[in-house]
Amino acid sequence: MTAGDLTTTPKPWGRDEAAHLMFSLADMQVSLRKIVTQVRGASESIVHASTEIAAASIDLSQRTEASGRQSRRKRASVDGGDLVHRAVDCGPTPPKPPSSRRATRRSRTTAAR
């Protein structure tokens, strides 16, 4: 047991104080074996869970990047299409209407003639 081997079991003999100590040592070894088994199981569960979390994180990251690329492509096509749409539909720029002062002067001049 001192070398870390918990598979061996102390074999007490007799009924004296040393024998009682060996029984106690055997009970302690059984308890220690259970604790080590539980810790090993818990650590394996942690390794398994962290592997799943890492895989899910990578998957989420890839999906987020793909979604971002798709959004940028959509936006570029909408923005580009919008610019083409405006250029086609607007046609030539219409002339500006005369200012209100000039229009008033012209109407007075025309009325006076």
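How each quantity is defined
Residues numbered from 1 in each chain as written. Predicted model: local features only at pLDDT ≥ 70, side-chain atom pairs only at ≥ 80, totals over all residues. Heavy atoms only, no water. Helix = DSSP H or I, 4+ residues; strand = E, 2+ residues; numbered from the N terminus. Buried < 20%, exposed > 50% of the residue type's maximum accessible area, 1.4 Å probe, protein only. Areas by Shrake-Rupley, 256 points an atom, 1.4 Å probe, with all protein chains shown as cover. Contact = heavy atoms within 4.5 Å. Salt bridge = Lys/Arg side-chain N within 4 Å of Asp/Glu carboxyl O. Patch = residues over 30% accessible without salt bridge, like charges linked within 9 Å, V, L, I, M, F, W, Y side chains within 5 Å. pLDDT = per-residue confidence, 0-100.

**Some points on the overall build of the protein chain**
- Helices and strands together make up the secondary structure of the protein chain, namely 2 helices and 0 strands.
- The buried share of the protein chain, taken over its 113 residues, is 4%.
- Of the roughly 10,300 Å² of accessible surface on the protein chain, 60% is carried by carbon and sulfur atoms.

**Details of the environment of Pro 10**
- Relative to the helices and strands, Pro 10 resides in the segment before helix 1 (17-90).
- In contact with Pro 10, other than residues within four places in its own chain, are Met 22, Leu 25, Ala 26 and Gln 29.

**Considering the environment of Pro 12**
- Note on placement: Pro 12 falls in the segment before helix 1.
- In sequence terms Pro 12 and Met 22 are 10 residues apart; their C-alpha atoms lie 5.3 Å from each other.
- Residues contacting Pro 12, with those up to four places away along its chain left out, are Ala 19, Met 22 and Phe 23.

**So, the pattern of salt bridges**
- Taken as a whole and judged by the stated rule, the model has 1 salt bridge.
- Its salt-bridge partner being Asp 59, residue Arg 63 comes within 3.1 Å of it at the nearest N-O pair. Within this pair, Arg 63 and its partner Asp 59 are both found in helix 1, separated by 4 residues, close to a single helical turn.
- Residue Asp 59 is classed as partly exposed on the basis of its relative accessible area of 35%.

**Quick notes on a nonpolar patch on the surface**
- Taken together, the side chains of Leu 32, Ile 35, Val 36 and Val 39 make up a nonpolar region of the molecular surface, amounting to roughly 310 Å² of accessible area.
- Within the fold, Leu 32 resides in helix 1.

**Re the confidence of the model for the protein chain**
- Confidence in the prediction for the protein chain averages 79 pLDDT; 68% of positions are at 70 or higher.
- Low pLDDT, under 50, characterises residues 83-88; the stretch is placed with 0 contacts to residues that sit more than four places away or in other chains.

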